[in-house]
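Architecture at a glance
Spelled out from the first residue to the last, the chains are:
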Amino acid sequence: MGPGVTTHMREEADEASLVSLGEIKELAEVGRPTVSNWRRRFAKDAVQSGGVRRPPFPDPVGGSDSRPLFDAEEVASWLDLRPIPDAEPGEDGALPTYGDRFRRGLRLRGLVALRHELGSAERLVVDALAVCATAGEGTDRRPEALSVGLLEDAEAADPRVVGVVRNLVGELGSPGAAADTVLSLAERLESDLVTDVTPAAVAELISALAGPVDAPRPGPDHPTLINLCAGIGELLFAVGDVREREHTVAVEPDVLRRKIIRYRLLAHRQNAVDVCASLGELDELRSVGVSSADLVVADPPYAAGEREGAEEGPLSWALEAVRRLKPGGRGLVVVPTWTLSRARGATPTPNARMREELLRRDAVAAIVQLPRRIHRFRTGAEYALLVLHDGAASENRGRVLLVDADRIARRVGGAWPAYVAKVLEDGRSPVAEEADVFPAPGADRAGGALLDGRSVLPAHRLGTKEKGIDHFSATLDARREAATALPRLREWIGDLGVARRAPGSEVAHRGVGEHLRAGQLRLLTGHRIRESDIGDAGLMVVGREEMLGALPLGQRRIALEDLAAYPQAQTTERGDVFLLTEHGVRTRVDDAGGCVLLAPVQGLRIPAYRTFLAGEVPSEEVWMRPRPLAQLLAAPRNQHRGSGSLVRRVSVRDMDLPELPPGEVAELEAVLAETDRQRADVRRQLAALDKLAQRLAAGVADGDLALRRRPGSG
């Protein structure tokens with residue numbers, strides 16, 4: 001794009017219709033490399049020279065060389081020709097295209113831009129949901145049958161908002177889908193509504209745990225669901241199709257959120273849900289029997305300050321849920337983990353009393369410790385999910401299942417909600433440290449593992465006694481291993497002869513660069529390989545992490561078929577020496593061969609050593625061997641040769657080596673090999689001592705071992 005383009009603008013292309021490459025990426029929901037690839041592959045020159053029949057990618061109409069701007073409609077028309085892979089066809093059989101997605105994103109961008117003109121994000125959300133709600137209700141309803149204030153909000157909505165939302169309804173196919181899309185923009189609108197929304201993974205878990213409950217009984221006196229703290233309705237819409245059943249009740253004290261819930265429900269054509277402002281208002285509905293339910297859920301927006309000493313603390317929501325459960329019903333309440341981890345103390349706090357009341361009433365079926373940082377907008381706060389039931393009717397009376405979903409999530413990743421739901425269904429986990437059942441006797445029985453005043457958080461309770469371990473036998477085995485001495489170490493060190501060189505027999509030095517030019521050494525360069533091509537099978541990969549000890553040798557590998565994409569890559573041979581020369585020199589000998597070096601790691605090969613291993617030359621003709629080469633390269637005289645302002649590196653060619661007789665090199669090789677063997681024995685000895693200490697501590701901690709000193713041992 002020439003410099004003249006900066007000032008050239010189409011008359012019909014105003015700022016609202018211009019998009020940058022980054023905006024194309026966001027609106028089409030693809031990666032930045034994809035957009036760059038489209039622009040490069042379908043440039044005018046490439047299309048004309050390559051005989052491609054697809055129209056060229058639109059030219060920039062503004063901006064600058066570094067940030068070109070494109071006409072949005074031209075981009076949309078070009079993207080109309082690109083169907084989305086693996087997308088489901090629409091009702092008319094047509095496949096959705098990136099153009100459809102781009103236009104929807106463009107409309108939503110326009111909706112976000114209106115936020116500053118309307119004055120607040122909340123006003124924009126209410127206007128948009130009012131339009132969705134009237135579309136969901138249709139035009140055949142009498143005004144008095146609609147939600148209070150709906151017609152006023154719909155008529156007062158900004159015409160631009162109305163236009164965008166109606167187009168969105170038409171594109172998505174339903175007012176409900178349009179309402180959900182508008183609410184998904186809350187974060188981009190900088191609205192506080194998103195700070196209290198139940199995370200999608202938690203909503204998924206609660207949805208999975210919502211059943212089985214007793215099947216809803218017919219008739220107006222038997223409600224299905226009470227949401228004690230509904231927010232903007234995330235849990236109402238997450239718990240299956242419960243919103244389609246009669247007498248579902250949502251309690252939400254905030255006026256704005258109540259309005260959002262009502263409009264959202266109307267957009268989904270659900271008008272059988274009662275939305276109350278308080279629990280007192282819920283009790284006033286007793287005449288139609290909605291003060292208790294088969295399922296009670298709550299994810300309250302806990303304030304930043306803790307309320308351990310308040311009678312209306314977080315666990316009061318759990319007690320309220322239990323109080324409103326029908327026989328055989330289930331409660332699902334999110335609480336901060338500190339409510340479960342604080343010790344009882346001499347003077348119990350209201351929080352401790354409420355926790356003990358829940359356990360004594362056998363109201364807790366399970367405690368699920370949720371993954372850390374589950375709430376994006378509640379920094380540092382951790383949460384747990386209480387699974388509650390009517391203790392009197394429960395067949396698992398006096399038993400509480402503790403589940404550490406944080407540990408499970410670290411093992412199974414994003415699939416943890418379904419995994420945790422299966423653990424709760426089965427009552428156990430294949431991994432003992434992830435879930436276990438604990439006794440919690442009711443009021444008619446004393447004691448109880450969870451009524452000892454300590455933390456009942458799963459992570460604190462699941463560190464149980466080792467199963468299947470005989471501590472006494474294991475400790476005796478560890479003691480025998482630790483008692484194995486290294487009798488040859490002291491003797492070998494004593495026999496190691498060390499003397500000064502005789503005057504006049506000083507050793508000359510020659511640079512590694514000279515050895516390379518003479519063919520006595522061969523330099524192996526490291527290669528740059530994509531991280532995606534490195535796995536856990538194939539040839540061993542040696543990079544900076546392996547040389548620094550951050551990763552063990554052999555953990556990273558590359559398959560032969562992936563290595564074929566790097567024709568310059570070489571594999572090492574037995575006896576090659578690996579070098580990392582950043583901030584000093586680190587070396588390692590390859591005892592097996594068949595490794596691939598990752599830059600900045602390099603290698604040095606001794607060609608004569610290969611022929612020596614093959615038996616083609618006698619040992620006295622081998623001028624250098626691998627272990628001496630590795631140690632001599634890492635000697636202090638080479639360590640301090642680094643240069644560079646940012647990363648100090650040592651040039652391999654600038655290092656030097658002493659010129660030693662072959663016999664002396666062979667002796668040094670033997671000494672270094674024996675040193676490696678002795679070092680391995682010492683490490684085994686240290687590992688045996690560590691194991692002995694571990695077994696002793698484990699046996700004492702689990703109460704199986706008693707230690708005593710032998711008489712006369714001091």
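Structure's up top.
What this report covers is the structure whose coordinates are included nearby. (Residues numbered from 1 in each chain as written. Predicted model: local features only at pLDDT ≥ 70, side-chain atom pairs only at ≥ 80, totals over all residues. Heavy atoms only, no water.)

Examining the overall build of the protein
Across its full length, the protein carries 29 helices and 21 strands. A total of 714 residues make up the protein; the buried ones form 44% of that total. For the protein, the proportion of contacts with a sequence separation of at least 24, taken over those separated by at least 6, is 71%. As displayed, the protein has an accessible area near 37100 Å², and 50% of this comes from carbon and sulfur atoms. (Helix = DSSP H or I, 4+ residues; strand = E, 2+ residues; numbered from the N terminus. Buried < 20%, exposed > 50% of the residue type's maximum accessible area, 1.4 Å probe, protein only. Contact = heavy atoms within 4.5 Å. Areas by Shrake-Rupley, 256 points an atom, 1.4 Å probe, with all protein chains shown as cover.)

Quick word on the pattern of salt bridges
Using the criterion set out here, one finds 36 salt bridges in the structure. Across the salt bridge formed by Glu582 and Arg544, the nearest N and O atoms sit 3.0 Å from each other. Taken together, the residues span a long stretch of sequence, with Glu582 in the loop between strand 17 (577–580) and strand 18 (586–589) and Arg544 in helix 24 (residues 544–548) at a distance of 38 residues. Among the ionic pairs, Arg627 bridges to Asp591, the shortest N-O distance being 3.6 Å. Placement of Arg627 in helix 27 (residues 626–633) and of Asp591 in the loop between strand 18 and strand 19 (595–597) is noted, with a sequence separation of 36 residues between them. (Salt bridge = Lys/Arg side-chain N within 4 Å of Asp/Glu carboxyl O.)

Focus on the environment of Met547
Here Met547 shows up in helix 24. On the accessibility criterion, Met547 (9% relative accessible area) is buried. Expressed as a C-alpha distance, the spacing of Met547 and Leu580, which sit 33 residues apart in the sequence, is 6.8 Å.

Looking at a nonpolar patch on the surface
There is a patch of nonpolar side chains on the surface, built from Val682, Leu686 and Leu689 and spanning about 230 Å² of accessible area. As for its placement among the helices and strands, Leu686 is situated in helix 29 (residues 662–701). (Patch = residues over 30% accessible without salt bridge, like charges linked within 9 Å, V, L, I, M, F, W, Y side chains within 5 Å.)

Notes on the sheet that holds strand 20 (residues 602–605)
With antiparallel pairing, the 4 strands of this open sheet are ordered in space as 14-20-17-18. Whereas interior strands pair on both sides, the edge strands pair on one side only; in this sheet they are strand 14 (522–524) and strand 18. Neighbouring strand axes in the sheet, compared pairwise and without regard to direction, differ in orientation by 25 degrees on average. Against the sheet, helix 27 touches strand 17, strand 18 and strand 20, its axis set at about 175 degrees to strand 18. (Pairing = 2+ DSSP bridges. Axes fitted to C-alpha atoms, helices over the stretch in contact; angles between N-to-C directions.)

A look at empty space enclosed by the protein
Tallying each qualifying case throughout the model produces 5 cavities of 30 Å³ or more. Counted as a void, the largest cavity has a volume near 50 Å³. Lining the largest cavity are Leu315, Leu340, Arg355, Leu358, Leu359, Val364, Ile367 and Leu386. Elements with a contribution of two residues or more to the lining of the largest cavity: helix 17 (350–360) and strand 9 (364–369). In terms of residues, the lining of the largest cavity owes the most to one element, helix 17, which gives 3 residues. Partitioning the lining of the largest cavity into residue classes produces 7 nonpolar, no polar and 1 charged. (1 Å grid on protein atoms, 1.4 Å probe; cavity = no way out; pocket = protein on both sides within 12 Å on 5 of 7 lines; lining within 4 Å. Points joined across faces, edges and corners; volume = space filled by probe spheres on them. Nonpolar A, V, L, I, M, F, W, Y, C, P; charged D, E, K, R; others polar.)

Regarding the packing of aromatic side chains
Each aromatic ring pair is described using two quantities: the centre-to-centre distance and the angle formed by the ring planes. Applying the stated criterion to the full structure yields 6 aromatic pairs. For the ring pair Trp38 and Tyr98, a centre distance of 5.5 Å and an interplane angle of 65 degrees mean the geometry is edge-to-face. Taken together, the residues span a long stretch of sequence, with Trp38 in helix 2 (residues 32–41) and Tyr98 in helix 5 (residues 98–113) at a distance of 60 residues. Residues Trp38 and Tyr98 agree in their burial class; the two are buried. Ring geometry for Phe57 against Trp78: centres 5.0 Å apart, planes inclined by 70 degrees, an arrangement best described as edge-to-face. Placement of Phe57 in the loop between helix 3 (44–50) and strand 2 (62–63) and of Trp78 in helix 4 (residues 72–79) is noted, with a sequence separation of 21 residues between them. (Phe/Tyr/Trp six-rings, centres within 6.5 Å; stacked < 30°, edge-to-face > 60°.)

As for the pairing of strand 5 (residues 248–251)
Residues in a regular strand point their side chains to alternate faces of the sheet. Residues Thr248 and Ala250 point to one face of strand 5 and Val249 and Val251 to the other, with burial holding for every one of them. Relative to strand 5, strand 4 (residues 225–227) is paired through 2 bridges, and the arrangement is parallel. Paired with Asn227 across the two strands is Ala250, which belongs to strand 5. Direction of pairing for strand 5 relative to strand 6 (residues 273–276): parallel, over a ladder of 4 bridges.

Overview of helix 15 (residues 315–323)
Restricting attention to buried positions, one finds in helix 15 the residues Leu315, Ala318, Leu319, Glu320, Ala321 and Val322. On its buried side, helix 15 packs onto helix 14 (279–283), strand 7 (293–298), strand 8 (325–336), helix 16 (338–341), helix 17 and strand 10 (383–389).

Re the sheet that holds strand 1 (residues 18–20)
Sheet architecture is open: 3 strands sit in the order 1-3-2, paired in antiparallel fashion. Whereas interior strands pair on both sides, the edge strands pair on one side only; in this sheet they are strand 1 and strand 2. As paired elements, strand 2 and strand 3 (residues 68–71) share 2 bridges and run antiparallel to each other. Following the sheet pairing, Gly62 is matched in strand 3 by Leu69.

Considering the pairing of strand 9
Most of strand 9 sits inside the fold, with 5 of its 6 residues counted as buried. Where strand 9 lies against strand 10, 5 bridges are found, and the strand directions are antiparallel. By the bridge assignment, Ala366 is partnered in strand 10 with Val387. Where strand 9 lies against strand 11 (residues 399–404), 4 bridges are found, and the strand directions are parallel. Following the sheet pairing, Ala366 is matched in strand 11 by Leu401.

Section: the packing of helix 1 (residues 21–28) against helix 5
Two elements in contact, helix 1 and helix 5, have axes whose closest approach is 7 Å; the angle formed by their N-to-C orientations is 105 degrees. Between helix 1 and helix 5, the crossing angle belongs to the class labelled roughly perpendicular. Residue-level contacts link Glu23, Ile24, Leu27 and Ala28 of helix 1 to Tyr98, Arg101, Phe102, Gly105, Leu106 and Arg109 of helix 5. Among the residues forming the contact of helix 1 with helix 5, the class breakdown is 6 nonpolar, 1 polar and 3 charged. (Parallel < 35°, antiparallel > 145°, perpendicular 65-115°, else oblique.)

Things to note about the environment of Ile232
Here Ile232 is to be found in the loop between strand 4 and helix 12 (234–238). Given the relative accessible area of 7%, Ile232 is considered buried. The spacing of Ile232 and Ile261 is 29 residues in sequence and 5.4 Å in space, taken between C-alpha atoms. Other than its neighbours up to four places away in sequence, Ile232 contacts Leu183, Leu193, Val197, Arg257, Ile260, Ile261 and Arg264.

Brief notes about the packing of helix 10 (residues 175–184) against helix 13 (residues 255–267)
Where helix 10 meets helix 13, the axes come as close as 7 Å, and the angle between the chain directions of the two elements is 145 degrees. Residue-level inspection shows Pro175, Gly176, Ala179, Asp180 and Leu183 of helix 10 in contact with helix 13, the latter providing Ile260, Arg264 and Ala267. Considered class by class, the residues forming the contact of helix 10 with helix 13 number 5 nonpolar, 1 polar and 2 charged.

Focus: the side chain of Arg355
By the element assignment, Arg355 lies in helix 17. For the buried residue Arg355, which engages in no salt bridge, the nearest side chain bearing the opposite charge is Glu356, 5.7 Å off. Within polar-contact distance, the side chain of Arg355 engages the backbone oxygen of Thr339 at 3.1 Å. For Arg355, the contacting residues outside a window of four places in its chain are Leu315, Thr339, Leu340, Ser341, Arg342, Ala343, Arg344, Gly453, Arg454 and Val456. (Lys, Arg positive; Asp, Glu negative; His and termini not counted. Polar contact = N/O pair within 3.5 Å; in protein donor to acceptor, adjacent residues only side chain to side chain.)

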